[in-house]
Amino acid sequence: MSSGVPGRPIRMETTTVDLGPTTTELARVVAGVRDDQLRDPTPCSGMPVAGLLDHLLGLALAFRLAAEKAPFDGGPSADADALAPDWRTLLPARLEALTTAWRRPGARAGEAEVAGVRMPAAAMALVALDEVLVHGWDLAAATGQPYRPDPAAVQACLEFVGDRSDPADDPEGLFGPVVPVPDDAPALHRLLGRTGRHPGWSARG
């Protein structure tokens, strides 16, 4: 149930949204993860907390290299058994590097590539933002922590995801099935529903 790298036309952002507030919030959540929670479930079916952390490590590196227009041979990973032992320091460092990379002049110019998918770099920055923001909520929900995402980032991700009303514009595997959420629900809840998540999900069931 990852937000994923899309294989469809991307809704381009009209303003540049800085990744900093979103990566900072995720780093705060990472710091609150306890060792005894690593095997707990997450909103991503079949992916425990350790697997989600491994996935975040990989995507932070992949999207940083995309901003730098550097090659990357790795692919998506979510292997709980492969989680780096130094994840508590490594993940915040990679998130900071991700933010820095997308702030550099020229990062959003031209094209960028992740997992074999090439697209305008400005669009790839949106994908990175969506990945970090939505998976940040996944991790917070799985570990019983509050989540306070950047409102501007949430709005940008809502525009990127769209309402998913056209099946032809939403290939299978990009998101989970839409979870109905009231139109007057908070923006984060509407984003979660559109990316196949129940806003009230809890590890306690």
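Residues numbered from 1 in each chain as written. Predicted model: local features only at pLDDT ≥ 70, side-chain atom pairs only at ≥ 80, totals over all residues. Heavy atoms only, no water.

**So, the pattern of salt bridges**
Thought 1: Under the counting rule described, the total for this entry stands at ten salt bridges.
Thought 2: A salt bridge links Arg88 to Asp35; its shortest N-O distance comes to 2.9 Å. Of this pair, Arg88 sits in helix α3 (residues 87-103) while Asp35 sits in the loop between α1 (20-31) and α2 (49-67), and the two are 53 residues apart along the sequence.
Thought 3: For Asp35, a relative accessible area of 54% puts it in the exposed group.
Thought 4: Where Arg118 meets Glu111, a salt bridge forms, and the shortest distance between an N and an O atom there is 3.3 Å. (Salt bridge = Lys/Arg side-chain N within 4 Å of Asp/Glu carboxyl O. Helix = DSSP H or I, 4+ residues; strand = E, 2+ residues; numbered from the N terminus. Buried < 20%, exposed > 50% of the residue type's maximum accessible area, 1.4 Å probe, protein only.)

**Side note on the pairing of strand β1 (residues 111-114)**
Thought 1: Only one face of β1 is buried: it carries Ala112 and Val114, and the other face, with Glu111 and Glu113, is open.
Thought 2: For β1 and strand β2 (residues 117-120), the ladder comprises four bridges, and the chain directions are antiparallel. For Glu111, the partnering residue across the bridge sits in β2 and is Pro120.
Thought 3: In this antiparallel pair of consecutive strands, β1 and β2, the connection spans two residues, and Ala115 shows a positive phi of 55 degrees. (Pairing = 2+ DSSP bridges.)

**Considering the packing of α2 against α3**
Two packed helices can be described by the angle between their axes and the distance between those axes.
Thought 1: It is the contact of α2 with α3, at a shortest axis distance of 9 Å, that shows an interaxial angle of 25 degrees. Looking at the two axes, α2 sits roughly parallel to α3. The chirality of how α2 crosses α3 is left-handed. Across from Leu53, Leu56, Leu57, Gly58, Ala60, Leu61, Phe63, Arg64, Ala66 and Ala67 in α2, the residues of α3 making contact are Trp87, Leu90, Leu91, Arg94, Leu95, Ala97, Leu98, Ala101 and Trp102.
Thought 2: Partitioning the contact of α2 with α3 into residue classes produces 16 nonpolar, one polar and two charged. (Axes fitted to C-alpha atoms, helices over the stretch in contact; angles between N-to-C directions. Parallel < 35°, antiparallel > 145°, perpendicular 65-115°, else oblique. Left-handed = near helix turned anticlockwise from the far one by under 90°. Contact = heavy atoms within 4.5 Å. Nonpolar A, V, L, I, M, F, W, Y, C, P; charged D, E, K, R; others polar.)

**Some remarks on the environment of Gly32**
Thought 1: Here Gly32 is to be found in the loop between α1 and α2.
Thought 2: Put simply, Gly32 and Arg88 are 56 residues apart on the chain and 9.7 Å apart in space, counted from C-alpha to C-alpha.
Thought 3: Non-local contacts of Gly32, meaning those with residues more than four positions away in its chain, are made with Gln37 and Gln145.

**A closer look at the nonpolar core**
Thought 1: Residues Leu53, Phe63, Trp102, Met124 and Leu139 are the most contacted members of the largest nonpolar core, which totals 62 residues.
Thought 2: Put simply, the parts of the chain that give this core at least two residues each are α1, α2, α3, β1, α4 (121-142), α5 (151-161) and α6 (187-194).
Thought 3: Counting residues per element, this core draws most heavily on α4, at 16 residues.
Thought 4: The contact partners of Trp102, leaving out residues within four places of it in the chain, are Leu19, Phe63, Ala66, Ala67, Ala107, Arg108, Ala121, Met124, Ala125 and Ala128. (Core = buried A, V, L, I, M, F, W, Y, C linked by side-chain atoms within 4.5 Å.)

**Some thoughts on the side chain of Arg197**
Thought 1: For Arg197, the location among the structural elements is in the segment after α6.
Thought 2: On the basis of relative accessible area, Arg197 is assigned to the buried category, the value being 1%.

**Brief notes about the environment of Pro177**
Thought 1: Turning to its location among the elements, Pro177 is positioned in the loop between α5 and α6.
Thought 2: The spatial distance from the C-alpha of Pro177 to the C-alpha of Thr195 is 7.4 Å, given a sequence separation of 18 residues.
Thought 3: Ignoring any residue separated from it by four or fewer positions in sequence, one finds Pro177 in contact with Arg164, Gly193 and Gly196.

Everything listed is a geometric property; what it means functionally is a separate question.
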